[in-house]
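Tertiary structure, described
Chain residues, written in single-letter form:
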Amino acid sequence: MRRDRKSHNKYHNGKRNKVINNGKTKESIDITLPYSFIPFAKQFHFPYTYECLPKHNELKGFSGSISYTITPKADLYTETRINKDGHYFLSGSSARGLVRSNVEILSASYPEFIDRTQMLYRKLAGGKRYLQILTDDDASVEHNNNQKRPKDIEKEIQVGYLQKQGNEYYVIPAKKFGNGKNFISIKEHILKDWNVLKTNNYLFKDSTLREIKDLQNEIDELTPIIKKYRKFLNSDYKKKIEELFLWEFKFHKKKPQMERLVEIEKELTNKLKEILAGVNHDKLDSNKLSKAYAKRWILKFKVEKQYQRLDKNIAFEPYRSVVYFKESVHGGIASMSKIKSEEHHLLGYIFNSTNASSKRSHYVAREQDNGKDRILVPQTVIASYNKMKEKMRTNKTNKEILENFYDIFNSDNRNSKENRDDHLPVVFYQVASGDNGQTVINKIGVTPYFKVPYDYQIDELIGEKDKGRIDYATALFGSVNEEINDEGNANKNAENDRLQSFKSRVRFGPIDIIGSPIFKEPVPLLLPSPSASAEAMYLKQDQPNRVTYEKTVDQKYQKKPELNGYKYYHVLEDKVKYVPNKDTENIESKRKVLEPKGVQLKGKIHFTNLTKEEIGLLLLGVDVSLFHESDLFKQVFAEEDLNECYDLLGGGKPYGYGKVKIRVDSLNLETRGNDFHSLMLSKEEKKEGTQLKEYINSFIAKMNGTEYFENVHLAYYLQSKKVFKKVEGVNHYNWPDLKKKKVGYDRSERLLSPTRHLNKD
């Protein structure tokens, strides 16, 4: 088989050339995972318009069926059924999805079944671009390295109390604090001293955070010194200092050992002195400022290390309770108590929704501001919140308590007694202008860190569908007549404002299990969902910096990202062992397993009114080995052994389940004569083996001959159906391996390029 090996020489032992992050270089590491990608077609193919689609009542094409056999080569993790005669079978839909996916790729059809749900994310630990989107601060995205700090989230995100009136929900705004903040975040080590929380409301198990508090007191003593001198620095000096901490002295990058802290403090002090060498020393003591900055960094690192040692409180429960506080001289909170007194006379509510890994603070809001109008929560916002809530995964511990806490729009959880002010849920929100100009809620949640949309969404990255034209996959499998919400969709029917629909011309019959099936006990598996945060795996990493779905603050390096293509799971030689976990028990899949020994699966695909090339496409979508019937294929892929190709059927693919061989047994065409007897009784003409050649050749010719192979990236498609072999020098992770790491993908890791995998030695 002809393959380009030039790109192979750019790599060595799984390491790529250095990548750039804001001007800094760092080695990136290639890895392989249970999945990889087949690139999308270079040019999508649309052979039909709505007007010229074959009419279901005009039988000008071929009708009949394709008989096929599935031979399992590994355990099948799929649902089986029993018919009235007591025989086991699989639903035809088990094969339909597989064949449709194959047909879509092979015919350069537009990718329809890629999840286009809006991709949202949140960064609890911050992230400049995230905070800009969250606070609607796009004006601070500069293109000349003139970066601004994002707005203060405690001033930008509002807080209030959710109240139901009739069938509508409203938010009553809370009073602001004296410093202009809508709410205040308080670190847990401070709250420990005030003793205002119950045991199961703390984030950490540790009974005291005294050491952290002492370190924080030292930090607080240095901060006024830094502020005093920092105000005399111009934007260039501030930017250089910010980059020093962001890239060279960021905790997760530096990871110093405690015994090296004295040495690192000297190193940081000297670098700061170099940066500040040219400042005006009449106003600014650069030596004192450098030492204060360096000392504060060391203290913050020690705080970070202390938090890393603390165990999370697994019994944590979300809560909300009344507190009374004393205002500080700067309009914040000086101290707090559960009991109202002359000192603590201001009413507030302390609350927390989650003990997420990066969270260290609790939130405090003031009482309702009765001088402000309540704000409507539109039904669309409620529906969006509930949809995201349904996707929320909770561990078994306190599952019911967590779900009830987040279920703020459930009327069953509310009664007239709970409609009192001290029982209303505290919510964070943002507002916008409604349809008739009134102010309405447009974001709402129980945490100020809302999920926000990525700058680039899947639809934009795939590209628009050719307006008014139909691809082969849609023409064969049909399209659903669905409601549309966007006015710009070109495929809607002007008469009823709905998408055009077309009935499928193929039908998948039940798949009979032949032999004596043996079933194992139900097997639990954790099947992770795709995550947009895995951008280093899903996007082409072919630019100097890490490519993401976000627009970078500095647009200098990143062009519009590109998707890697169709995701597929590798065909594995052996199964991967999965050890059940109590923490994930409620989100595991569990099915009986069908052993491969002594069974075959027989099925039929019935079709109506297909062209010769459509039959050829359908045959190839079922049985990849039929490419051997094409003379053009043999010219380009001379060495290719298609008997090494498999398909994956059912679930559990990342763990090695579902490996099967699918072979077409025969093509059965209905024949009709002009006499009365022929019109009443269908006859079949059976075609097998080399007789299928004309249909395969017809399809390939219709797709532009040998250029077709390149357009659909056929080499990658065939690679996806072969048994996966680890690439020498490249780390490979199965899902259990990633679990052992206890964190997601490292920021330096990149999915091995499909090209590199194709060209492996």
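Residues numbered from 1 in each chain as written. Predicted model: local features only at pLDDT ≥ 70, side-chain atom pairs only at ≥ 80, totals over all residues. Heavy atoms only, no water.

**Some thoughts on the overall build of the protein**
A count of helical and extended segments in the protein gives 22 helices and 34 strands. The contacts of the protein with a sequence gap of at least 6 include a subset with a gap of at least 24, amounting to 75%. Surface summary for the protein: the accessible area is close to 39200 Å², and the carbon and sulfur share equals 46%. (Helix = DSSP H or I, 4+ residues; strand = E, 2+ residues; numbered from the N terminus. Contact = heavy atoms within 4.5 Å. Areas by Shrake-Rupley, 256 points an atom, 1.4 Å probe, with all protein chains shown as cover.)

**Section: the sheet that holds strand 15 (residues 346-352)**
Ordered in space as 12-16-15-13-14, the 5 strands form an open sheet in which the pairing is antiparallel. Since the sheet does not close on itself, it has two edges, and those belong to strand 12 (184-187) and strand 14 (333-337), each with one partner. For this sheet the average axis-to-axis angle between neighbouring strands, irrespective of direction, equals 40°. (Pairing = 2+ DSSP bridges. Axes fitted to C-alpha atoms, helices over the stretch in contact; angles between N-to-C directions.)

**Remarks on the pattern of salt bridges**
A complete count under the given rule lists 26 salt bridges for this structure. Between Glu104 and Arg100 there is a salt bridge, and its shortest N-O distance comes to 2.7 Å. Highlighted residues: Glu104 and Arg100, both in helix 1 (residues 93-106), separated by 4 residues, approximately one helical turn. Taken as a pair, Glu104 and Arg100 share a single burial class, namely buried. Ionic contacts of the salt-bridge type, sharing partners, join the residues Lys612, Glu685, Lys687 and Glu694 into one network. (Salt bridge = Lys/Arg side-chain N within 4 Å of Asp/Glu carboxyl O. Buried < 20%, exposed > 50% of the residue type's maximum accessible area, 1.4 Å probe, protein only.)

**Section: empty space enclosed by the protein**
To find leftover empty space, a probe the size of one water molecule is rolled over the atoms. All chains considered together, the criterion is met by 5 cavities of 30 Å³ or more. Size it by volume and the largest cavity reaches roughly 40 Å³. Ser36, Phe37, Tyr568, Tyr716, Gln719, Pro754, His757 and Leu758 are the residues that line the largest cavity. Of all the secondary structure elements, the ones that give two or more residues to the lining of the largest cavity are strand 4 (35-38), helix 20 (714-720) and helix 22 (754-758). With 3 residues, helix 22 is the largest single contributor of residues to the lining of the largest cavity. A breakdown of the residues in the lining of the largest cavity according to their chemical character gives 5 nonpolar, 3 polar and no charged. (1 Å grid on protein atoms, 1.4 Å probe; cavity = no way out; pocket = protein on both sides within 12 Å on 5 of 7 lines; lining within 4 Å. Points joined across faces, edges and corners; volume = space filled by probe spheres on them. Nonpolar A, V, L, I, M, F, W, Y, C, P; charged D, E, K, R; others polar.)

**Quick look at the side chain of Ser625**
Relative to the helices and strands, Ser625 is located in the loop between helix 15 (612-622) and helix 16 (631-636). Looking at Ser625, the relative accessible area reads 13%, which means it is buried. Excluding its chain neighbours within four sequence positions, the residues that come into contact with Ser625 are Leu642 and Arg663.

**Let's talk about the nonpolar core**
Counting residues in each nonpolar core, the largest one holds 128 residues, and the members touching the most others are Leu618, Phe627 and Leu714. Setting aside residues up to four positions removed in sequence, Leu618 forms contacts with Ile66, Val99, Val103, Phe477, Val506, Ile605, Phe607 and Leu610. Ile219, Phe249, Leu268 and Leu310 belong to the second-largest nonpolar core, a separate cluster that totals 35 residues. (Core = buried A, V, L, I, M, F, W, Y, C linked by side-chain atoms within 4.5 Å.)

**A few points about the sheet that holds strand 3 (residues 29-32)**
Taking strand neighbours across the sheet as the criterion, the 3 strands line up as 33-3-34 in an open arrangement whose pairing is parallel. Each of the sheet's edge strands pairs with one partner strand only, and the pair in question is strand 33 (731-732) and strand 34 (749-751). As paired elements, strand 3 and strand 34 share 3 bridges and run parallel to each other. Opposite Ile31, over in strand 34, you have Leu751 as the bridge partner.

**Structural notes on the packing of helix 5 (residues 210-230) against helix 9 (residues 286-309)**
Between two packed helices, what matters for the description is the angle formed by their axes and the separation of those axes. Here helix 5 crosses helix 9 at 155°, and the two axes come no closer than 9 Å. As the angle between them shows, helix 5 and helix 9 are arranged roughly antiparallel. The interaxial crossing formed by helix 5 with helix 9 has left-handed handedness. Residues Glu211, Ile212, Leu215, Glu218, Ile219, Leu222, Thr223, Ile225, Ile226, Tyr229 and Arg230 of helix 5 form the contact with helix 9, whose own contacting residues are Lys288, Leu289, Ala292, Tyr293, Lys295, Arg296, Leu299, Lys300, Lys302, Val303, Gln306 and Tyr307. Tallied by class, the residues present in the contact of helix 5 with helix 9 amount to 13 nonpolar, 2 polar and 8 charged. (Parallel < 35°, antiparallel > 145°, perpendicular 65-115°, else oblique. Left-handed = near helix turned anticlockwise from the far one by under 90°.)

**Things to note about the environment of Leu594**
Within the secondary structure, Leu594 sits in strand 28 (residues 589-594). When the C-alpha positions of Leu594 and Leu76 are compared, they lie 5.1 Å apart, and in sequence the two are 518 residues distant. Aside from chain neighbours lying at most four places away, what touches Leu594 is Asp75, Leu76, Ile513, Pro517, Ile518 and Phe519.

**Looking at the environment of Ile662**
With respect to the helices, strands and loops of the structure, Ile662 is situated in strand 31 (residues 659-671). On the accessibility criterion, Ile662 (7% relative accessible area) is buried. Sequence separation between Ile662 and Lys602 is 60 residues, and the spatial gap between their C-alpha atoms is 9.7 Å. Those residues within four positions of Ile662 in sequence are excluded, and the remaining contacts are Tyr68, Thr69, Ile70, Leu98, Val622, Asp623 and Asp647.

**Comments concerning the confidence of the model for the protein**
Looking at the protein as a whole, its pLDDT mean stands at 83, while 84% of the residues score no less than 70. Confidence drops under pLDDT 50 across residues 19-25; counting only partners more than four residues distant or on other chains, this segment forms 22 contacts. When the criterion is pLDDT under 50, residues 413-419 qualifies, and its contacts beyond four places in sequence or with other chains add up to 17 contacts. (pLDDT = per-residue confidence, 0-100.)

**Points about the packing of helix 1 against helix 15**
Direction vectors running N to C along helix 1 and helix 15 enclose 120°, while the axes themselves pass 8 Å from each other. Between helix 1 and helix 15, the crossing angle belongs to the class labelled oblique. In this structure, the crossing between helix 1 and helix 15 has a hand that is right-handed. Contacts between helix 1 and helix 15 involve Val99, Asn102, Val103 and Leu106 on the former and, on the latter, Leu617, Leu618, Leu620, Gly621 and Val622. Tallied by class, the residues present in the contact of helix 1 with helix 15 amount to 7 nonpolar, 2 polar and no charged.

**Let's talk about unusual backbone geometry**
At Ala108, a position not held by glycine, the phi torsion is positive, near 55°. Within the fold, Ala108 resides in the loop between helix 1 and strand 9 (120-121). Positioned with a positive phi, His713 is a non-glycine residue whose angle comes to about 55°. Mapping His713 onto the fold places it in the loop between helix 19 (706-711) and helix 20.

**A closer look at a negative patch on the surface**
A surface patch of negative charge is lined by Glu211, Asp214, Glu218, Asp220 and Glu221. Structurally, Glu221 is set in helix 5. (Patch = residues over 30% accessible without salt bridge, like charges linked within 9 Å, V, L, I, M, F, W, Y side chains within 5 Å. Lys, Arg positive; Asp, Glu negative; His and termini not counted. Charge placed at Lys NZ, Arg CZ, Asp CG, Glu CD.)

**Digging into helix 1**
Between its terminal C-alpha atoms helix 1 stretches 20 Å, which fits the 20 Å expected from 14 residues at 1.5 Å a residue. Among all positions of helix 1, only Ala95, Leu98, Val99, Arg100, Asn102, Val103, Glu104, Ile105 and Leu106 are buried. Just beyond helix 1, the residue with positive phi is Ala108, at close to 55°. (Expected span 1.5 Å × (residues − 1).)

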